[in-house]
Amino acid sequence: MEDSQIIDLYWARLEQAIQETDTKYGGYCRAIAHNILKSMEDSEECVSDTWLRAWNAMPPQRPSVLSAFLGRITRNLSLDRYKAARAEKRGGSSFPAALDELGLAAAIQAHCAKLERGFGVAMTAELDADVSGLGPDTQTALYRIFQEAAMNACKYSRSETIDVALRRENGNVVLQVRDNGDGFDTAHPAIRGGGLGLEGMNERAAAIGGTWSIYSQPGEGTTVRVELPEEGSTR
């Protein structure tokens, strides 16, 4: 697709704009991010933030050279992330700033509001603010899984609503992200632009002793769920 057509999609506020941008410039932006961050996971998150920043910028902007416009956003976001990571290392912490300042439930709520403003999708959040006693590694993993699942829903599902839940169930801490969009065949996820990050979410959950699952079928939406025994969630 021509750049002018992609920009027209942004101006029309069609989510296809994100998909077409990822198809055409995903590899280019991931290369910029990885050059700076040296981490595939961090690079993927940075590129997702690039698409959100582009969505918020067009309109009113209409870039004359879309590749340069996206590359500049990616580079700036990557440098900001790199500097933040350096500062965290100097301070001896890898705990995300949002969690440090707000706590897990409030950080999720704030990010939901950001996605709602950015993509125009209705985000509902059923959050148990009293999910206390979770260790920093556990909170970080749950927050990153939420971010990945919610961004995927915004980018790919074409859902009108996305429901997020964080609660206790039968001695477990449960995180769930559900949309009512297109859905897909999880056995053959024909997803463009590097995939949904399913493996990364699974690995994060396993690293904290949790169980990650996904349910999706074409036309039936998608549900991502993490269950973690509360007694093992203090690290």
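Preceding this paragraph is the structure being described.
Report on the accompanying structure. (Residues numbered from 1 in each chain as written. Predicted model: local features only at pLDDT ≥ 70, side-chain atom pairs only at ≥ 80, totals over all residues. Heavy atoms only, no water.)

1. Here we look at the side chain of Gln-139
Right, on to step 1. Among the secondary structure elements, Gln-139 is positioned in helix 7 (residues 136-157).
Right, on to step 2. Of note is the side chain of Gln-139, whose polar atom sits 2.9 Å from the backbone oxygen of Leu-134. (Helix = DSSP H or I, 4+ residues; strand = E, 2+ residues; numbered from the N terminus. Polar contact = N/O pair within 3.5 Å; in protein donor to acceptor, adjacent residues only side chain to side chain.)

2. Focus on the packing of aromatic side chains
Right, on to step 1. Taken as a whole and assessed by the stated rule, the structure comprises 4 aromatic pairs.
Right, on to step 2. Between Tyr-25 and Tyr-28 the ring centres are 6.3 Å apart and the planes differ by 65°, which places this aromatic pair in the edge-to-face class. You can see Tyr-25 and its partner Tyr-28 sitting in helix 2 (residues 16-37), 3 residues apart, about one turn around the helix.
Right, on to step 3. By relative accessible area, which is 39% here, Tyr-28 ends up partly exposed. (Phe/Tyr/Trp six-rings, centres within 6.5 Å; stacked < 30°, edge-to-face > 60°. Buried < 20%, exposed > 50% of the residue type's maximum accessible area, 1.4 Å probe, protein only.)

3. Examining the sheet that holds strand 1 (residues 122-127)
Right, on to step 1. With mixed pairing, the 5 strands of this open sheet are ordered in space as 1-2-3-5-4. With partners counted over all chains shown, the strands left at the sheet margins are strand 1 and strand 4 (211-216), one partner each. Taken pair by pair, the neighbouring strands of this sheet meet at an average axis angle of 10°, ignoring direction.
Right, on to step 2. As defined by bridge partners, strand 4 adjoins strand 5 (residues 222-229) across 6 bridges and the pair is classed as antiparallel. Among the inter-strand pairings, Ser-216 is bridged to a residue of strand 5, identified as Thr-222.
Right, on to step 3. In the packing of helix 6 (residues 104-119) onto the sheet, contacts are made with strand 1, strand 2 (161-169) and strand 3 (172-179), and the angle to strand 1 comes to roughly 175°. (Pairing = 2+ DSSP bridges. Axes fitted to C-alpha atoms, helices over the stretch in contact; angles between N-to-C directions. Contact = heavy atoms within 4.5 Å.)

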